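Observations on chain architecture
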Protein chains: 2
Amino acid sequence: MNIAIAQSGGPTCAINASLVGVFKQGLLTEEIDAIFGSINGIEGIINDELLNLKSIIRTNEDMELLRQTPSTMLGSCRCKLPEYDQKPEIYEKILNTFRIHRISIFVYIGGNDSMDTVVKLSAYLKSIDSDIKVIGVPKTIDNDLPVTDHTPGFGSAAKYVSATVQEIIRDSSVYSIPSVTIIEIMGRHAGWLTASTCVLRANGEEAPHLIYLPESDFHPEQFIEDTRKEMAKHKAVIIAVSEGVSLLDENSSDFQSGAVDNFGHKYLSGVGKYLERLVAENIGCKVRSIELNVMQRCSSHICSKTDIDEAERIGRHALSAALNGETGKMMYFRRVSDMPYAVTIEMTDAVNTANLEKMFPKEWISAEQNQVTDAAIPYFLPLIQGEVNILMKNGLPVHFQRPLQMR
Amino acid sequence: MNIAIAQSGGPTCAINASLVGVFKQGLLTEEIDAIFGSINGIEGIINDELLNLKSIIRTNEDMELLRQTPSTMLGSCRCKLPEYDQKPEIYEKILNTFRIHRISIFVYIGGNDSMDTVVKLSAYLKSIDSDIKVIGVPKTIDNDLPVTDHTPGFGSAAKYVSATVQEIIRDSSVYSIPSVTIIEIMGRHAGWLTASTCVLRANGEEAPHLIYLPESDFHPEQFIEDTRKEMAKHKAVIIAVSEGVSLLDENSSDFQSGAVDNFGHKYLSGVGKYLERLVAENIGCKVRSIELNVMQRCSSHICSKTDIDEAERIGRHALSAALNGETGKMMYFRRVSDMPYAVTIEMTDAVNTANLEKMFPKEWISAEQNQVTDAAIPYFLPLIQGEVNILMKNGLPVHFQRPLQMR
C-alpha cells in the first residue's frame with residue numbers, strides 16, 4: 001500500500017516536523033511501500049503532481065534537517081474544496097490520482113480550511129465505498145483551532161515573539177526621554193500569539209505594559225488613557241497588539257484604508273501604524289511601531305523543542321490512526337497537566353474543527369481589557385520550552401533544500 | 001585611580017560586551033579602584049550621574065550575562081559636545097565630575113558622533129594640561145566607521161539579517177503563484193548590512209536575487225526591469241534593499257513624504273513600502289515588503305560569537321592603551337587574513353573617524369548596480385561565525401537586569 005502527505009495553509013516552523021513524523025512512521029510500517037508528497041497541498045493530488053519522498057528524504061540527517069527547516073517543504077495552497085455537487089470532477093480527479101498511485105491513506109497537515117478538506121474528502125470516499133482513509137494533522141501559529149489544547153507551530157511562534165519582544169524592551173529603554181513602542185503581532189481573529197508575551201513575567205519583565213487582543217474591547221480614547229497611565233510609571237512603555245484588534249471607534253474603522261499615497265492609491269497600513277499615529281497626535285512623545293511580520297512564522301533558528309517534538313509525534317500518530325481504519329478525523333493534543341507538563345494525543349471528527357475558530361478566553365483578559373492575567377502563564381509556558389540543536393554552516397542555520405523541480 | 005565608562009549611539013548586541021571588556025581589564029589592573037558607569041552616555045558625566053559598576057556587576061556569571069544582553073546597559077544618548085568656545089561650562093562640568101570622582105581614564109563606546117566627543121574632550125583636557133585620558137571604542141551595526149576593518153556590533157547584526165533572510169526565502173516560496181518579497185534593511189548612508197546577505201551564497205542560496213545599496217545607482221524603471229528579469233527565472237523573487245537607497249527619479253524623491261493619511265498628516269513610509277507599490281503597479285503580482293526594524297540591532301539570541309568576543313577584546317585593549325598614556329585615540333581592527341581569519345587591534349587618532357563614514361566599496365557592486373559580487377563574501381563570512389551559548393530560563397534568553405534606578 002502507498003500513502004500520500006500534503007501540507008497546506010500559512011507556513012510555520014513545525015509543519016515540516018509533522019511531515020517527518022508521518023514519513024518516519026511510514027518507514028517503520030512494513031505494509032507501506034511508497035510515500036508520496038503532494039506538491040502545493042491538495043492541488044498536487046488534484047493535478048497528479050506527486051514526489052517520491054523516499055528518494056528526497058534519504059538519511060536520518062535529512063530528517064533532522066527537515067525537522068528544523070521552516071515553511072512547507074512540499075509547498076502549500078489556499079485552495080478549499082468545493083462541495084461535491086458543485087464540482088464532482090475535482091473529486092474524480094483526486095480519486096483518479098489515489099487510484100493510479102495505489103494510495104490508501106492521505107494525511108493532510110493544515111489549519112481549519114484543510115480540516116474542511118478532510119471532512120469533505122473523507123465523506124466523499126465513504127459515499128463511494130472507498131477504503132481510502134483521510135486524516136488531518138493540525139498546524140497554525142494562530143493557535144485558534146478548536147478541540148486541541150494547542151496547535152503545532154504555535155509554540156515556536158510564541159517563543160520567537162516573546163524572545164524578540166524581550167530584546168525590543170532592552171532596545172527601547174536606552175534613551176533618557178520617555179517613549180512608547182508598539183509591537184504588532186499576528187492574529188486576525190484570535191489573540192493567542194500576542195497574549196503569549198505574558199510569559200516574560202516569568203523572567204521578571206514587567207513589559208509588555210499593555211496587551212490588546214481581538215477578543216478585548218478596544219476604544220481609542222481608552223487606549224490613550226491607558227498609555228498615559230503607563231507612561232507615568234515607566235520611561236519606556238511597551239505595548240503588544242494583535243493585528244486584528246477590533247477598533248470600535250467609527251472614525252478609526254478606516255485605519256486600513258483612509259490614507260492615500262502620492263500615486264492616489266489607498267495605503268494599507270496595519271494597526272501598529274494606526275496606534276503609532278494616535279500616540280503621536282494625542283501624547284506627542286517619541287513613538288515607534290514594529291511589525292514582526294512573517295518572521296513570527298518562520299524563525300526556526302529559535303524554535304521551541306517542545307513544539308517541534310510534538311509536531312513530529314502528532315504526525316506519527318496520524319498515520320497510526322489511519323492504519324487502524326480511522327478516517328475523517330483530526331488528531332489533537334489533550335493537556336493532562338501544566339506542571340509537570342503532559343499531553344496525550346487524541347482524535348476528533350474533523351468536522352468539529354473545520355472552519356471553526358477558538359478564541360482567547362475572556363477570563364484571562366484583565367477587567368480593564370488591556371492586559372492578560374497571570375492565570376494564562378501556566379498555559380503558555382510549557383509550549384515554548386527547550387531549544388533544538390540547530391545545525392550551523394558558515395555561521396548560518398542549514399536548511400533542507402527542496403528538490404530541484406520545486407524551486 | 002578611578003575610571004569611567006559610557007555607551008552612546010544606537011544600541012547593538014555587542015556594546016555591553018565592550019563594557020565588560022573594559023570592566024574586566026579594570027578589575028585586573030591593580031592601580032584601578034572604582035570603575036564608574038556613566039548613565040546615558042556623556043550626559044551622565046556632564047550631570048554627575050554615575051554608577052559604581054563593581055556593585056552592579058558582581059560575579060563572573062553577571063559578566064557573561066551582560067555580554068549576551070543586547071542594547072546599552074548604561075543607557076545611551078544622541079548628545080554631541082558643542083565646541084569649547086560655544087559652551088565652556090559643559091566642559092567645566094565634565095571636568096568637575098572627573099575631579100570629584102578622581103577619574104583618570106574615560107572610555108567612550110560609540111559611533112562616529114561619540115568619536116567626535118573623544119576628539120573634543122581629549123583636546124580640551126590636553127589644553128588645560130590635565131592628565132585625564134580619553135579613549136574611544138567603536139560600535140555600530142552600520143559598519144560605516146573609517147579606518148577599522150569592521151565595527152563591533154556589525155557581525156551580530158549581519159548574522160541575524162542573513163539568518164532571517166534565509167528563513168524569509170523559505171517562507172516566500174510556498175505558494176504556486178509568482179511573488180516578489182522586498183526586505184528593507186538598516187543603513188541610511190552605507191549598505192554594509194544589506195550587502196552582507198550575499199553570505200547566503202556560501203550555503204547554496206541563490207537569493208537575494210537583487211541587492212540595492214545606498215552606494216549603487218538606483219532608478220525605479222531599472223528596478224522594475226531587474227525584477228521582471230528575475231521573475232522569469234524564479235517563482236519567488238527576493239530583494240534586499242537598504243533603507244537609504246537613493247531614489248534618483250524626481251517623482252520618487254518624495255516617497256517618504258507624499259502620502260497623506262486620513263488625519264491629513266504626511267505618512268512616513270520606508271523604501272520597502274515604496275518599492276512594494278512600484279511592483280504592485282507595474283507588475284501587478286503578489287508582493288510583500290518586510291522591515292527588519294530594530295530587531296537587526298538587538299537580536300542577541302542569534303549574535304555572532306566572533307563579534308561578541310572581539311567586542312570584549314577591543315574594550316580590554318582600550319583600557320590598556322589609556323593606561324599606557326594614550327588619549328584622543330580610537331581602537332580599531334586591522335584584518336591580517338580572511339582565511340584563516342585573523343585581526344589585530346590597533347589605534348588611530350579619533351579625528352580620523354569622527355564624523356566620517358566608510359561606504360561599501362564600489363568594486364564589490366555588480367556592473368548592473370543590483371548585486372554584490374562574490375568578492376565580498378570572504379570579507380563578511382568570518383564576522384558572523386560562531387554562536388554564543390545563550391543562557392535560557394523558562395524557554396527564553398536571560399538578560400542582565402539593570403539596577404533599579406535605571407529602569
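Residues numbered from 1 in each chain as written. Chains lettered and ligands numbered in written order. Predicted model: local features only at pLDDT ≥ 70, side-chain atom pairs only at ≥ 80, totals over all residues. Heavy atoms only, no water.

1. Some thoughts on the packing of aromatic side chains
- Applying the stated criterion across every chain, the model contains 32 aromatic pairs over all chains.
- Taking the centre distance of 5.8 Å and the plane angle of 45° together, the rings of Phe-98 of chain B and Phe-106 of chain B count as tilted.
- Taking relative accessible area as the criterion, Phe-98 of chain B reaches 1% and is therefore assigned buried.
- Accessibility expressed as a relative area gives 0% for Phe-106 of chain B, which makes it buried.
- Their ring planes at 65° and their centres at 5.6 Å tell us that Tyr-212 of chain B and Phe-223 of chain B sit as a pair that is edge-to-face. Here Tyr-212 of chain B, found in strand β7 (residues 210-212), pairs with Phe-223 of chain B, found in helix α8 (residues 220-233); they are 11 residues apart in sequence, far enough to count as distant. You'll find Tyr-212 of chain B and Phe-223 of chain B in the same group, each marked buried.
- Taken together, the ring pairs connect Phe-154, Trp-192, Phe-360, Trp-364, Tyr-379 and Phe-380 of chain A into an aromatic cluster. (Phe/Tyr/Trp six-rings, centres within 6.5 Å; stacked < 30°, edge-to-face > 60°. Buried < 20%, exposed > 50% of the residue type's maximum accessible area, 1.4 Å probe, protein only. Helix = DSSP H or I, 4+ residues; strand = E, 2+ residues; numbered from the N terminus.)

2. Some points on the environment of Pro-138 of chain A
Residues and elements named next belong to chain A.
- Structurally, the position occupied by Pro-138 is in strand β5 (residues 133-138).
- Separated by 28 residues in the primary sequence, Pro-138 and Gly-110 have C-alpha atoms spaced 5.3 Å apart.
- Excluding anything up to four places from it in sequence, Pro-138 contacts Gly-110, Met-115, Leu-145, Pro-152, Ile-314, Met-330 and Met-331. (Contact = heavy atoms within 4.5 Å.)

3. Things to note about α8 of chain B
Residue and element names in this part refer to chain B.
- Relative to the 20 Å expected for 14 residues at 1.5 Å per residue, α8 spans 20 Å between its end C-alpha atoms, a close match to the ideal helical length.
- When α8 is considered as a whole, its buried residues turn out to be Pro-220, Phe-223, Ile-224, Asp-226, Thr-227 and Glu-230. One side of α8 carries all its buried residues, which in axial view fall inside an arc of 160°. Of the exposed residues in α8, the ones pointing more than 90 degrees away from its buried face are Glu-221, Lys-229, Ala-232 and Lys-233. (Expected span 1.5 Å × (residues − 1). Arc of directions from axis to C-beta.)

4. Details of the relation of the copies chain A and chain B
- Least-squares fitting of chain A to chain B yields an RMSD of 0.0 Å, with the transformation described by 0.0 Å of translation along the axis and a rotation of 180°. Taken together, the rotation angle and the small translation identify this as a two-fold axis.
- Taken together, the interface assignments show that 100% of the residues at the interface of chain A recur at the interface of chain B, consistent with an identical surface on both copies. (Least-squares fit on C-alpha atoms with pLDDT ≥ 70 in both.)

5. Description of the sheet that holds strand β1 (residues 2-7) of chain A
Residue and element names in this part refer to chain A.
- The mixed open sheet is built from seven strands, whose spatial order is β3-β2-β1-β4-β5-β10-β11. The open sheet has two edge strands with one neighbour each: β3 (50-52) and β11 (342-349). Direction aside, neighbouring strands of the sheet carry axes that sit 30° apart on average.
- Note: β1 against strand β2 (residues 35-38), three bridges, orientation parallel. Across the sheet, residue Ile-3 finds its bridge partner in β2, namely Ile-35. (Pairing = 2+ DSSP bridges. Axes fitted to C-alpha atoms, helices over the stretch in contact; angles between N-to-C directions.)

6. Describing the state of the cysteines
- Applying the stated criterion across every chain yields a total of zero disulfides over all chains.
- Cys-13 of chain A supplies the cysteine sulfur nearest to Cys-303 of chain A, a cysteine that is in no disulfide, at a spacing of 6.1 Å. (Disulfide = S-S within 2.5 Å.)

7. A few points about unusual backbone geometry
Residues and elements named next belong to chain B.
- Of note, the bond from Ala-207 into Pro-208 is cis; its omega dihedral lies within 30 degrees of zero at -5°.
- Following Met-339, the chain continues to Pro-340 via a peptide bond in cis, the omega torsion being 0°.
- Phi angles above zero are rare outside glycine, and Ser-71 is one such case at about 75°.
- Turning to its location among the elements, Ser-71 is positioned in the loop between α3 (60-67) and α4 (88-100).
- The phi dihedral of Asn-394 is positive, around 55°, even though this residue is not glycine.
- Relative to the elements of secondary structure, Asn-394 occurs in the loop between β12 (392-393) and β13 (396-397).

8. Describing the sheet that holds strand β7 (residues 210-212) of chain A
Residue and element names in this part refer to chain A.
- Reading across from one edge, β7-β8-β6-β9 is the order of the four strands in this open sheet, with parallel pairing throughout. This sheet does not close on itself; its edge strands, each paired only once, are β7 and β9 (286-291). For this sheet the average axis-to-axis angle between neighbouring strands, irrespective of direction, equals 15°.
- Two strands pair when backbone bridges link them, and strand β6 (residues 179-185) and strand β8 (residues 236-242) are joined in this way by seven bridges, in the parallel orientation. Among the inter-strand pairings, Val-180 is bridged to a residue of β8, identified as Val-237.
- Along the sheet, helix α6 (residues 154-172) contacts β6, β8 and β9; its crossing angle with β6, the most-contacted strand, is approximately 165°.
- Against the sheet, helix α9 (residues 271-282) contacts β6, β8 and β9, and its axis sits at roughly 160° relative to β6.

9. A few points about the interface of chain A and chain B
- Counting residues at the interface gives 75 residues for chain A, matched by 76 residues for chain B.
- Between chain A and chain B, a total of about 6300 Å² is buried, with carbon and sulfur atoms accounting for 51% of that surface.
- For the interface between chain A and chain B, the tally reads two salt bridges.
- Of the charged contacts in the structure, one is a salt bridge between Asp-171 of chain B and Arg-297 of chain A, with a shortest N-O distance of 2.7 Å. (Buried area = accessible area lost by both parts, 1.4 Å probe. Salt bridge = Lys/Arg side-chain N within 4 Å of Asp/Glu carboxyl O.)

10. Thoughts on the pairing of β1 of chain A
Residue and element names in this part refer to chain A.
- For β1, a buried count of six out of six residues is recorded, marking the element as mostly surrounded by other parts of the structure.
- Of the two faces of β1, both are covered, the one formed by Asn-2, Ala-4 and Ala-6 as well as the one formed by Ile-3, Ile-5 and Gln-7.
- For β1 and strand β4 (residues 103-110), the ladder comprises six bridges, and the chain directions are parallel. Across the sheet, the residue bridging to Ile-5 is Val-107, located in β4.
- For the segment spanning β1, helix α1 (residues 15-28) and β2, crossover handedness is right-handed. (Right-handed = clockwise from strand over helix to strand, strands pointing away.)

11. Overview of the pattern of salt bridges
- Applying the stated criterion across every chain yields a total of 41 salt bridges over all chains.
- Across the pair Arg-201 of chain A and Asp-374 of chain A runs a salt bridge whose closest N-O atoms are separated by 2.5 Å. Highlighted residues: Arg-201 of chain A in the loop between α7 (192-195) and β7 and Asp-374 of chain A in the loop between β11 and α12 (377-380), separated in sequence by 173 residues.
- Owing to a relative accessible area of 25%, Arg-201 of chain A belongs among the partly exposed residues under this scheme.
- The closest approach of N and O atoms between Arg-67 of chain B and Glu-64 of chain B, which form a salt bridge, is 3.1 Å. Of this pair, Arg-67 of chain B and Glu-64 of chain B both sit in helix α3, three residues apart, which is roughly one turn of that helix.
- Residue Glu-64 of chain B is classed as partly exposed on the basis of its relative accessible area of 32%.
- Several salt bridges converge on common partners, so that one network encompasses Lys-24, Glu-64, Arg-67, Lys-305, Asp-309, Glu-312 and Arg-316 of chain A.

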